[in-house]
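# Coordinate inspection notes
What follows is each chain in one-letter form.
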Amino acid sequence: FLMKKEKDGTKRTPKNGGVFPFRYATCCEVFLMVIGLLCSAIHGIALPLMCVVFGDMTDNFVQSGQQYFTNLTSILNKKVIFNLIYIFSYRNAYYFVGIGCAVLLLGTFQVMLFLLTATKQTKRIREKYFHAILHQQMAWFDTHQIGVLNVRMTDDINTINEGLGDKICVFVQFFCTFLTGLIIGFVFGWKLTLVILAISPLLAGSAAVWSKILATLTSKELSAYAKAGAVAEEILVAIRTVVAFNGQKKAVEKYENNLEDAKNYGIKKAITTNVSMGLTQFVIFGAYALAFWYGTKLSVDEPENYTIGKTITVFFSVMIGAFSLGQGAPNLEAIAKARGAAYEVYKTIDQVPRPIDSSSKEGHKPDHVRGDIEFKDIHFNYPSRKEVKILQGVNLTVPRGKTIALVGASGCGKSTTIQLLQRFYDPDLGQITLDGHDIRTLNVKWLRENIGIVSQEPVLFGTTIAENIRYGKADATDEDIERAVKEANAYDFIAKLPDKLNTMVGERGAQLSGGQKQRIAIARALVKNPKILLLDEATSALDTQSESIVQAALDKARAGRTTIMIAHRLSTIRTADVIAGFSNGQVVEQGTHRELMAKKGVYYSLVMQQVLEDNSLPDYNDLVLYDMAYTEDSHALEGENGDLGGNSIHRVSLRRKSTKKKPKKSKKEKKEDESNLPDVPLSRILAMNKPEWPYLLFGVLASLVGGGVYPCVAILFAKIIGVFAEIDPEVKRQKTLMFSLLFLLIGGVAFVTYFIKGFMFGKSGELLTMRLRKQVFNAILRQEIGWFDDHENAVGVLTTRLASDASLVKGATGARLGLLTNCICTLTIAIVVAFVFCWQLTLLILACVPFLIGANFIQMRAMAGHASKDQGALEQSGKISTETVENFKTVVALTREDVFFYKFMDSLERPYKNGLVKAPIYGLTFALSQAIPYMVNAAIFRFGAWLIAHCYTQYENVFLVFSVIIFAAMNIGESSSFAPDFGKAKTAAARIIKLLEKDPEIDIYSEEGKKPSDFAGNIEFRGIHFAYPTRQNVKVLQGLNVSVGPGQTLALVGESGCGKSTSVQLLERFYNPAEGQVLVDGQDAKTLNLAWLRSQLGLVSQEPILFDCTITENIQYGDNSRVVSQAEIEEAAKKANIHDFIMGLPEKYNTSVGDKGTQMSGGQKQRIAIARALVRQPKILLLDEATSALDTESEKIVQQALDDARLGRTCIVIAHRLSTIHNADKIAVIQNGQVAEQGTHTELMAKEGAYFALVNAQVNH
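Residues numbered from 1 in each chain as written. Predicted model: local features only at pLDDT ≥ 70, side-chain atom pairs only at ≥ 80, totals over all residues. Heavy atoms only, no water.

## Regarding the overall build of the protein
In terms of regular secondary structure, the protein is built from 44 helices and 20 strands. Within the protein, the fraction of its 1261 residues that count as buried is 62%. A separation of at least 24 residues holds for 83% of the contacts in the protein among residues at least 6 apart in sequence. A total accessible area of about 45,500 Å² is found for the protein, and carbon and sulfur atoms account for 58% of it. (Helix = DSSP H or I, 4+ residues; strand = E, 2+ residues; numbered from the N terminus. Buried < 20%, exposed > 50% of the residue type's maximum accessible area, 1.4 Å probe, protein only. Contact = heavy atoms within 4.5 Å. Areas by Shrake-Rupley, 256 points an atom, 1.4 Å probe, with all protein chains shown as cover.)

If you want it as structure tokens, here you go:
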């Protein structure tokens, strides 16, 4: 009833601090829930009804007993009484059976209906939340951390699910028991009831305050853990960067610091819960004390109105009523939690209006696109950093079918212009028109569908190549895909793959090289045959051979299309119809290549810089115009990096990073995975909690004392009934007063034990959770890189596990131990007392105990069976949501929000069906555990009556045995509500133990291995064979032999995917070779200490990853073995030519670089990464396309800085741009995983072999 009122009032106006969770129920579900509530309401009447039967029975027993004792002489009377009792007990026994059957039916329905509707609603909420995230505008993502969104997606919605489920109907059931108890109380004895009621405002008030405090604490705890979750995700995504810089310790510390807050809120929450429960108990026992004292007074003053039976009926009804309010309170906790969690989730779902909404049907959709684009006086700064001006009055016209190229230094606003055209953001001033229409008046989805985009750092999704291309055009036929693949020059390399177009590309395309990914991205853009083509450094990641052909393909693709190109490599844009030079957020000059060269402005100076830079290459002046410093995402300083994916990972990092989704496993395999988990006994789980043993000990002692509370209440209760038999009113009053004070004392004991339990178990549970999270995180970081390549250890899966597994385990330790102790103690005392007072009846009751335990056991089994299923099924949807949200920009640019939304919906189908199957089973087991006690009562009273009739015992003893057992059963009944936690806790503990016990092949924490004191820097790869663990059938290196002496520079060149980056990864010992050795100063790298080896290597990669902290901290990350001083940081920054830029920022070195470095442009990120590598002063420098992302101006100076940095150091350079390596001491050309030829630039040119062909390909271009 309370719920229904709330439903009307709350549905429309969500309050702060929590909202009404049932907002997304359909009419049919509301109807089912109302039926469920009705069932639970009627179920709630059962217990008070039993009290009426009970009181009636007691009256009859007592009366017959008195007659029996007064008429001992008459045998005839004895027989009459015997028959009366017998007939009466039959009738009562049938009443009990009747109530029991009703409970069985109602209990099944109430739980089943609520679980069914909760499953449906949770699925709907997940879908709506994911849908809402998918249709947020880009600016929203600039201010919301991706990790936090993923935690909300999993943990918070699980919390809402708990609150929507059977917790509410169980609460209503208890609430109705409370109401019915009161009504019966008023009918049978209003004075007594009023006295008891005087205390109820106290109860209600404390419950309300507690619920409020709890909702606040829950919401704070969730937010606190969300921060730690975001840290974990950031670190796992960048795992290669972390291990390359020996940053594991720092990573664990950062994670641990963020866990501290969550732990403190958790402890506060545990204490609050238990204090409130203790207070409730204290108040209830106080009410008993008052009631007994006053009841006795009334029976003396008004014997005609207050018989023993009536008094007992009133006592019992009000007592059970109040008791059930105490029992119902914990269920409110789940509802309060759900409201707290729902607030954030629903706030996101409700976030309207969204100015740029791709799901909106509004906006004009012209019949055809001509392709005239105009930018009129565009001013813009990114919403997340208002103070930095990006565009300051851009005016630009792009006539249909023409190609316009945007050039300029890093961060001048080139990529931003492209993002505005795609309506990722709207300009602050000015307008952009397409065919004369302001693009704000056009339909967003239609606009994006007509634009093809190829960006600098392409994002592929964890599915097949064909599917990735089909994301460009949903209805593309196989012929369309083949055509696009050929146009993008990807046909040959795909044809060589075992599964051709059906090859899985791995998480983020990790199984492919940069060039291969780029060509697939180009095919994806070309497949939809767009009228407008945006090329943001589209060919930058390609090797020379592919580059020239792809460039030709792009030139072909440009024909008849309006094309906007961004390039640093000016040779690629000479043929553009118009070249626009950007400077300080404005277009400062426009014209053809010739006109601008004549003008001698921005463009001229950029070209001249390249010419000067490349002039040193003899006889190849033409090369200049081809070989321009590659690529940068000029999206400057801001928002997302200009690539579509938002989350670049360096290529070494990316190359074969974990795949979030590989072909789905068959059910059999999945089952094997689950059964691989070790079976974990309770003792093993408790051992995890060993360091907190003092807390556990005191908690268990408190539980032991608490276990005695209910049997004591029962004994007092029976004694008070004994008092009623007293004839002298004065003795009656005195005894009652004494017993009432004892009740109050027991109430005090209950409060103290609850408080101690709450504090002790809360503290030990949260300490355990925090320690386990830390240990699990530590164990994850300890695994070799190959482990992360496995799709089962994708970032999404690992973050979900960190969030939920550790907190599930605490449900199986302290609180569970306390519960067991409490139950055992209660049961032992109850049985001993019962045997003393009436052994025959106790034997019968003990015979019934297996039924009671059986009911609870069935309920536990039903829950445990589903625990592991739920977890695995939801991990799949967690992967999809993580992958989609992380690559949000690409999804939006391809207008494929719906595709990913439907994929997400499909992944929810299995857990949803499981939920529907589980509901009736759980409903039936719940009802059984509720109904069996009534059947047991029927048996007890049927037998009790017989015993009294046959003079084996007195009615008081039957009464005492009954109340002791009833109280014990109620107390133990509470434990069954913890069943769900235990099943899940065991599975979670098994997963954690399995991970903690796993010894990695390459152990970063190992102290073993040599640490040579003098290290020259001599590197040799000898007979290396290697294939990635997840793709054993693809041989990457097939007998690589190459060496480099101390202080020399070795350059590796060759096609994309030939194994250049792989050799660097083997030197870093991310993997071990299958055959052969990597020798460092003549010693096998495997025999050296891993941390020492990595500390000698400085890695700068093609797509660098920065962490979400300040520039200072990012550069300091280069050397985690000590504290790097500010002077060293600035020195490294100067060497990397980023110092001046940093000093120009408002917060200088304290500027945050944003999530994954998104607040910086590609070139700026790259220079920070170079500073990071230089700060550790490595003996060996590994440059994997290190200058590729820089614009001409920075590139030249950074190249100079790198040349300086190389002096006296061994250096391995990977490059597609041959101009950067012509002065290397040794150049090795790698083909098919082997060295085809090696020598200096001059030697190899003279040979006219593979290297000569590569250089020529550039020259001809």
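## Side note on the environment of I239
Considering the arrangement of structural elements, one finds I239 in helix α9 (residues 239-244). Classification of I239 by relative accessible area gives buried; the value is 1%. Between the alpha carbons of I239 and I785 there is a distance of 7.9 Å; along the sequence they are 546 residues apart. With residues near it in sequence (within four places) discarded, I239 still touches L781, I785 and F788.

## A short note on the packing of aromatic side chains
Summed over all chains, the structure comprises 19 aromatic pairs. Their ring planes at 40 degrees and their centres at 6.2 Å tell us that F175 and F178 sit as a pair that is tilted. With F175 and F178 both in helix α6 (residues 166-188) and three residues apart, the pair spans about one turn of that helix. F178 carries the same exposure label as F175, and that label is buried. Summarising the aromatic geometry, the rings of F461 and F900 are spaced 4.6 Å apart at their centres and angled 50 degrees between planes, so their arrangement reads as tilted. Residue F461 is located in the loop between β6 (451-454) and α14 (465-470), and its partner F900 is located in helix α33 (residues 897-949); the two are separated by 439 residues in the primary sequence. (Phe/Tyr/Trp six-rings, centres within 6.5 Å; stacked < 30°, edge-to-face > 60°.)

## Some thoughts on the nonpolar core
If you look at the biggest cluster of nonpolar residues, it comprises 93 residues, and the most contacted ones within it are F375, L434 and I564. Ranked by the residues each element gives to this core, the list is headed by helix α3 (residues 75-134), at eleven residues. With residues near it in sequence (within four places) discarded, F375 still touches V394, N395, L396, T417, L421, Q431, I432 and I564. I780, L781, V1036 and L1093 belong to the second largest nonpolar core, which has 84 residues in total. (Core = buried A, V, L, I, M, F, W, Y, C linked by side-chain atoms within 4.5 Å.)

## Looking at the pairing of strand β11 (residues 1019-1026)
Of the strand pairs in this sheet, β11 and strand β12 (residues 1037-1044) are connected by six bridges, and their pairing is antiparallel. For I1024, the partnering residue across the bridge sits in β12 and is L1040. Judged from the five bridges that link them, β11 and strand β14 (residues 1075-1080) form a sheet pairing that is antiparallel. Each residue of the ladder has a partner; that of E1020, found in β14, is L1079. (Pairing = 2+ DSSP bridges.)

## Structural notes on helix α29 (residues 795-809)
With 15 residues, α29 ought to run about 21 Å at 1.5 Å a step, and its terminal C-alpha atoms sit 21 Å apart, in line with that. Of all the bends in α29, the greatest measures close to 30 degrees and is centred on R801. Among the residues making up α29, those that are buried are V795, G796, V797, L798, T799, T800, L802, A803, S804, D805, A806 and V809. (Expected span 1.5 Å × (residues − 1). Bend = angle between axes of the 7 residues up to and from the residue.)

## Remarks on helix α12 (residues 414-421)
Most of α12 is tucked away: eight of the eight residues are buried. Within the sequence span of α12, burial applies to K414, S415, T416, T417, I418, Q419, L420 and L421. Taken from the residues just after α12, R423 is the one with a positive phi, measuring 60 degrees.

## Description of the pattern of salt bridges
Across all of its chains, the model carries 19 salt bridges by this definition. For K774, the salt bridge identified is with E256, shortest N-O distance 3.7 Å. Of the two residues, K774 is situated in helix α27 (residues 729-782) and E256 in helix α10 (residues 248-301); the sequence distance between them amounts to 518 residues. Residue classification places K774 among the partly exposed residues on the basis of a relative accessible area of 29%. (Salt bridge = Lys/Arg side-chain N within 4 Å of Asp/Glu carboxyl O.)

## A look at unusual backbone geometry
With a phi angle near 60 degrees, R423 is a residue other than glycine that sits in the positive phi range. Note on placement: R423 falls in the loop between α12 and β4 (429-434). Unusually for a residue other than glycine, D435 sits at a positive phi of about 50 degrees. Given the relative accessible area of 13%, D435 is considered buried.

## Points about the pairing of β14
Pairing of β14 with strand β15 (residues 1083-1084), which is carried by two bridges, proceeds in the antiparallel orientation. Among the inter-strand pairings, L1079 is bridged to a residue of β15, identified as D1084. Counted between consecutive antiparallel strands, the loop separating β14 from β15 contains two residues, among which D1081 sits at a positive phi close to 50 degrees.

## Focus on the sheet that holds β6
Ordered by their spatial adjacency, six strands build an open sheet running β6-β7-β8-β3-β9-β10, and the pairing between neighbours is mixed. Whereas interior strands pair on both sides, the edge strands pair on one side only; in this sheet they are β6 and β10 (586-591). Averaged over neighbouring strand pairs, the angle between their axes works out to 20 degrees when direction is ignored. Where β6 and strand β7 (residues 532-536) come together, four bridges link them in parallel fashion. (Axes fitted to C-alpha atoms, helices over the stretch in contact; angles between N-to-C directions.)

## Some details on the side chain of R1069
Within the element layout of this structure, R1069 appears in the loop between α36 (1060-1067) and β14. Side-chain polar atoms of R1069 contact the side chain of N1072, separated by 3.2 Å. Ignoring anything within four residues of it in the chain, the contact list for R1069 reads I1002, A1085, K1086, L1088, L1090, L1093 and R1094. (Polar contact = N/O pair within 3.5 Å; in protein donor to acceptor, adjacent residues only side chain to side chain.)

## Here's the deal with the sheet that holds strand β2 (residues 391-398)
Taken in spatial order, the four strands line up as β2-β1-β4-β5 in an open sheet, and their pairing is antiparallel. Both edges of this open sheet fall to β2 and β5 (437-438), since each of them pairs with a single strand only. Relative to β5, β4 runs antiparallel, the two sharing two bridges. Across the sheet, residue L434 finds its bridge partner in β5, namely H437. Those strands touched by α12 are β1 (373-380), β2 and β4, and its axis lies near 115 degrees from that of β1.

## Some remarks on the environment of I1214
Relative to the elements of secondary structure, I1214 occurs in strand β18 (residues 1210-1214). A C-alpha to C-alpha distance of 5.0 Å links I1214 and L1052, two positions 162 residues apart in sequence. Not counting the four nearest positions on each side in its chain, I1214 is found in contact with L1052, K1060, S1061, V1064, L1183, D1184 and E1185.

## Regarding the confidence of the model for the protein
Overall, the predicted model of the protein reaches an average pLDDT of 76, with 84% of residues at or above 70. Here residues 1-18 is modelled with pLDDT under 50, and outside its nearest four sequence neighbours on either side it reaches 31 contacts, counting other chains as well. Low pLDDT, under 50, characterises residues 614-674; the stretch is placed with 274 contacts to residues that sit more than four places away or in other chains. (pLDDT = per-residue confidence, 0-100.)

## Considerations on the packing of helix α8 (residues 200-237) against α27
One can describe the packing of α8 onto α27 by two numbers: an axis separation of 11 Å at closest approach and a directional angle of 10 degrees. When the axes of α8 and α27 are compared, the pair comes out roughly parallel. Contacts between α8 and α27 involve E221, Y225, A232, I235 and L236 from the former and E766, R773, F777, I780 and L781 from the latter. By residue class, the composition of the contact of α8 with α27 is seven nonpolar, no polar and three charged. (Parallel < 35°, antiparallel > 145°, perpendicular 65-115°, else oblique. Nonpolar A, V, L, I, M, F, W, Y, C, P; charged D, E, K, R; others polar.)

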